[in-house]
Amino acid sequence: MSAGTYTPRPGAAPLSRMITAQAALETRMLLRNGEQLLLTVVIPTLLLVLFSAVDIVDTGAGRSVDFLAPGVLALAVMSTAFTGQAIATGFERRYGVLKRLGASPLPRWALMTAKTLAVLVTEVLQVALLTAIAFALGWSPQGNPSAVLLLLVLGTAAFSGLGLLMAGTLRAEATLAAANLVFLLLLVGGGVIVPLEKFPDAVQSVLGLLPITALSDGLRGVLQDGASMPWGDLGVLAVWSVLGLGAAARFFRWE
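Just so we're clear, the structure is a prediction, and the values are computed from it rather than from any experiment.

Draft legend 1. Region of interest: the side chain of threonine 40. Turning to its location among the elements, threonine 40 is positioned in helix α2 (residues 34-53). For threonine 40, a relative accessible area of 7% corresponds to the buried category.

Written out as structure tokens, the structure reads:
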């Protein structure tokens, strides 16, 4: 046995392993949090089942589930990438978790990458669950899967940037209240459940610029109407992604 057999070799793990481990931890924390599950799974599922089974809102010609399913998928993305991430990150910042992680061998950009990966994993589970429920309710989607994927990715980027911006600039309590309020307002006015045509023309033009409206309308155009690539909605989401992520990178405070 050589003298160096048990010689310690201190040092950080490979960056890819650190990001993977942190992403797995972030995912477990998201899925174990009761409030997060309420936002990400329970509320979208209840809305999809309730409004598809009961004729509460006039969704136009065709089956209600064909209109509702794309909007609920957009809501699921917003609940995870924006509301859930903003609240969780805001309280991590308040309790000093981010400050301590920022002093670890894991770079700060890698920590944000891990958080983004956790959001994406959660969204995959959400989309799979909601899609299965929608199929059980008689949903018959159509359109280009690549367009759906691009819309979901850009929607995630847009909402993630806005969520991190809120979590990194406001107090945790203010983030909790603001994130839930925005969630409720966009649920009502973002074309998720209530068609935009139900709003006055002047209001429609403003609501059409919101990321939730672009995401829900884009998904509806592809999955319900068979559109190939909704470039207008993709453009709105791309602008929100650049603005949100850029502002979050510029103004995020770790303490």
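Draft legend 2. Fine view of the environment of serine 216. Along the polypeptide, serine 216 turns up in helix α9 (residues 211-223). With a relative accessible area of 0%, serine 216 lands in the buried category. In this structure, the C-alpha to C-alpha distance between serine 216 and arginine 93, residues 123 residues apart in sequence, is 31 Å. Apart from residues lying up to four places away in sequence, serine 216 is in contact with Pro70, Gly71, Ala74, Gly190, Gly191 and Val192. At 3.1 Å, the side chain of serine 216 forms a polar contact with the backbone oxygen of glycine 190. Only 3.2 Å separates the side chain of serine 216 from the backbone oxygen of threonine 213, close enough to count as a polar contact.

Draft legend 3. Fine view of the nonpolar core. One finds Leu48, Met78, Phe159, Ile193, Leu215 and Leu219 to be the most contacted residues of the largest nonpolar core, which totals 48 residues. Residue assignment for this core shows that the elements contributing at least two residues are α2, α3 (64-94), α5 (108-136), α6 (145-169), α7 (172-189), α9 and α10 (231-251). Sort the elements by how many residues they give to this core and α3 lands first, with 15 residues.

Draft legend 4. The arrangement of the pattern of salt bridges in detail. Following the criterion strictly, the structure yields 6 salt bridges and no others. When the shortest N-O distance is used, the salt bridge between lysine 115 and glutamate 92 registers 2.6 Å. Taken together, the positions of lysine 115 in helix α5 and glutamate 92 in helix α3 put the pair 23 residues apart, joining distant regions of the chain. Classification of lysine 115 as buried rests on a relative accessible area of 4%. For glutamate 92, a relative accessible area of 10% corresponds to the buried category. Of the charged contacts, one joins glutamate 173 and arginine 94 as a salt bridge, the two residues approaching to 2.4 Å between their closest N and O atoms. With glutamate 173 in helix α7 and arginine 94 in helix α3, this pair connects stretches of sequence that are 79 residues apart. Looking at glutamate 173, the relative accessible area reads 35%, which means it is partly exposed.

Draft legend 5. Structural context of the packing of aromatic side chains. Tallying each qualifying case throughout the model produces 3 aromatic pairs. Measuring from centroid to centroid gives 5.7 Å for phenylalanine 135 and tryptophan 139, while their planes differ by 35 degrees, and the two rings are tilted. With 5.4 Å between their ring centres and 70 degrees between their planes, phenylalanine 252 and tryptophan 254 make a pair best called edge-to-face. With respect to burial, phenylalanine 252 and tryptophan 254 carry one shared label: buried. A cation sits over an aromatic face here: arginine 108 above tryptophan 254, 4.5 Å from the ring centre.

Draft legend 6. Summary view of the environment of leucine 98. Within the secondary structure, leucine 98 is located in helix α4 (residues 97-102). Taking C-alpha positions, leucine 98 is 9.6 Å from arginine 253, a pair spaced 155 residues apart along the chain. Excluding its chain neighbours within four sequence positions, the residues that come into contact with leucine 98 are Thr89, Glu92, Arg93, Leu111, Lys115, Phe252 and Trp254.

Draft legend 7. Spatial organisation of α10. Between its first and last C-alpha atoms α10 spans 30 Å; for 21 residues at 1.5 Å apiece the expected length is 30 Å, and the two agree. Among the residues of α10, Leu234, Val236, Leu237, Ser241, Gly244, Ala247 and Ala248 are the ones counted as buried.

Draft legend 8. Highlighting the packing of α6 against α10. Close contact between α6 and α10 brings their axes to 8 Å; oriented N to C, the two are set at 30 degrees. The orientation of α6 with respect to α10, classified from their angle, is roughly parallel. Handedness of the crossing formed by α6 with α10: left-handed. Of α10, the residues touching α6 (which contributes Leu150, Leu151, Leu154, Gly155, Ala157, Ala158, Gly161, Leu162, Leu164, Leu165, Gly168 and Thr169) are Leu234, Leu237, Ala238, Trp240, Ser241, Gly244, Leu245, Ala247, Ala248 and Phe251. Here the contact of α6 with α10 is composed, by residue class, of 16 nonpolar, 6 polar and no charged.

Thresholds, definitions, all that
- Residues numbered from 1 in each chain as written.
- Predicted model: local features only at pLDDT ≥ 70, side-chain atom pairs only at ≥ 80, totals over all residues.
- Heavy atoms only, no water.
- Helix = DSSP H or I, 4+ residues; strand = E, 2+ residues; numbered from the N terminus.
- Buried < 20%, exposed > 50% of the residue type's maximum accessible area, 1.4 Å probe, protein only.
- Contact = heavy atoms within 4.5 Å.
- Polar contact = N/O pair within 3.5 Å; in protein donor to acceptor, adjacent residues only side chain to side chain.
- Core = buried A, V, L, I, M, F, W, Y, C linked by side-chain atoms within 4.5 Å.
- Salt bridge = Lys/Arg side-chain N within 4 Å of Asp/Glu carboxyl O.
- Phe/Tyr/Trp six-rings, centres within 6.5 Å; stacked < 30°, edge-to-face > 60°.
- Lys NZ or Arg CZ within 6 Å of the ring centre and 35° of its normal.
- Expected span 1.5 Å × (residues − 1).
- Axes fitted to C-alpha atoms, helices over the stretch in contact; angles between N-to-C directions.
- Parallel < 35°, antiparallel > 145°, perpendicular 65-115°, else oblique.
- Left-handed = near helix turned anticlockwise from the far one by under 90°.
- Nonpolar A, V, L, I, M, F, W, Y, C, P; charged D, E, K, R; others polar.

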